[in-house]
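Examination of the molecular architecture
Next come the chains, spelled out residue by residue.
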Amino acid sequence: MDAQIRIRNAGKVFRALGKEVEALRDITVDIPNGQFACLLGPSGCGKSTLLNAVAGFSLPTSGSVEVDGRPVEGPGPDRGMVFQEYALFPWMTVEQNIAFGLEIRKSPAAEIREKASSLLAMLNLSEFRDRYPKDLSGGMRQRVAIARVLALDSRILLMDEPFGALDALTRHNLQDELLRIWEAFRKTILFVTHSIEESIFLADRILVMTYRPGTIKRDIVVTLHRPRDPGDPGFNELKRELTQLVMEEQRRHERDEVLCAAR
């Protein structure tokens, strides 16, 4: 399959106060159209840095990132971003938040109403269309954030631990919702998580990253049938494998911290 996202030898070095921190090193990955891929690894491994490079928020200092054959030089409407913090406008209603990007794009009013209504219904938000973000639960706010991105019809969804701040039940419900959306729209999804179970439940493919500098430690294609059951033996076998891979990086990080403190 042709790659929709093509990353070649990407590296990222941050410079501050006369010091350099190498966040990413020599990452090469192809993600085809319609694939659901997860970036998995411990905190500090560069998952969000790599996601931001694809989004165009923070370009790599070496190597390249391309989307649909074109170099990423900044943010673009072909890539929609969903953050953990919801990033909703508090002075706008649910419907106004969803419609905001379409209004900026100067879409026809009838199209904006139709698309907003359709997404409100799809994400079970119709009865909350006139509420403000402060009146919503965390799960509902994240539904609104996802709907706002879907309204723009971006071909790629970039998701930075979007369910990380939610309780377990809400998180599970939104995972189901996201899979339903993905199956309906077949968009390419690049999803950052540090939850091993979440990555197995959601992804076609799991990219396990090393601790800093972040590289691709293992590229695993998930062949389990959907819907996936955490009690299934295959699910648990993959969970054990991923736990070992991630814990190796966590222990390496802890050893490095001890050595740095001893210097």
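In the block above lies the structure referred to throughout.
Read on for a plain summary of the structure.

The rules behind each value
Residues numbered from 1 in each chain as written. Predicted model: local features only at pLDDT ≥ 70, side-chain atom pairs only at ≥ 80, totals over all residues. Heavy atoms only, no water. Helix = DSSP H or I, 4+ residues; strand = E, 2+ residues; numbered from the N terminus. Rg over C-alpha atoms; globule rule 2.2 N^0.38 Å. Contact = heavy atoms within 4.5 Å. Areas by Shrake-Rupley, 256 points an atom, 1.4 Å probe, with all protein chains shown as cover. Lys, Arg positive; Asp, Glu negative; His and termini not counted. Charge placed at Lys NZ, Arg CZ, Asp CG, Glu CD. Buried < 20%, exposed > 50% of the residue type's maximum accessible area, 1.4 Å probe, protein only. Pairing = 2+ DSSP bridges. Right-handed = clockwise from strand over helix to strand, strands pointing away.

1. Some remarks on the overall build of the protein chain
Within the protein chain, the secondary structure is distributed over 7 helices and 10 strands. A compact globule built from 263 residues would reach a C-alpha radius of gyration of about 18 Å, and the protein chain, at 19 Å, matches this within 12%. With respect to the three principal axes, the spread of C-alpha positions in the protein chain is 60 × 45 × 40 Å. Taking the contacts inside the protein chain whose residues are at least 6 apart along the sequence as the reference set, 69% of them involve residues at least 24 apart. Entry remark: accessible area of the protein chain is about 13,000 Å², with carbon and sulfur atoms responsible for 51%. Where the 36 positive side-chain charges of the protein chain centre and where its 37 negative ones centre are 3 Å apart.

2. What to know about unusual backbone geometry
Arg 212 connects to Pro 213 through a cis peptide bond whose omega is -5 degrees. With respect to the helices and strands, Pro 213 occurs in the loop between strand 9 (205-209) and strand 10 (216-221). With omega at -5 degrees, the peptide bond leading from Arg 226 into Pro 227 counts as cis. Within the secondary structure layout, Pro 227 lies in the loop between strand 10 and helix 7 (233-262). In the Ramachandran plot, Asp 26 falls in the positive-phi region, its phi being about 50 degrees despite a non-glycine side chain.

3. A short note on the pairing of strand 8 (residues 188-193)
The buried count for strand 8 comes to 6 of 6 residues, which makes it a mostly enclosed element. A two-sided burial pattern is seen for strand 8, the buried positions comprising Thr 188, Leu 190 and Val 192 on one face and Ile 189, Phe 191 and Thr 193 on the other. Pairing of strand 3 (residues 36-40) with strand 8 involves 5 bridges; the strand directions are parallel. Following the sheet pairing, Phe 36 is matched in strand 8 by Ile 189. Direction of pairing for strand 7 (residues 156-160) relative to strand 8: parallel, over a ladder of 5 bridges. Residue pairing in the sheet places Leu 157 in a bridge with Ile 189 of strand 8. After leaving strand 7, the chain enters helix 5 (residues 168-185) and then returns to the sheet as strand 8, a path that is right-handed.

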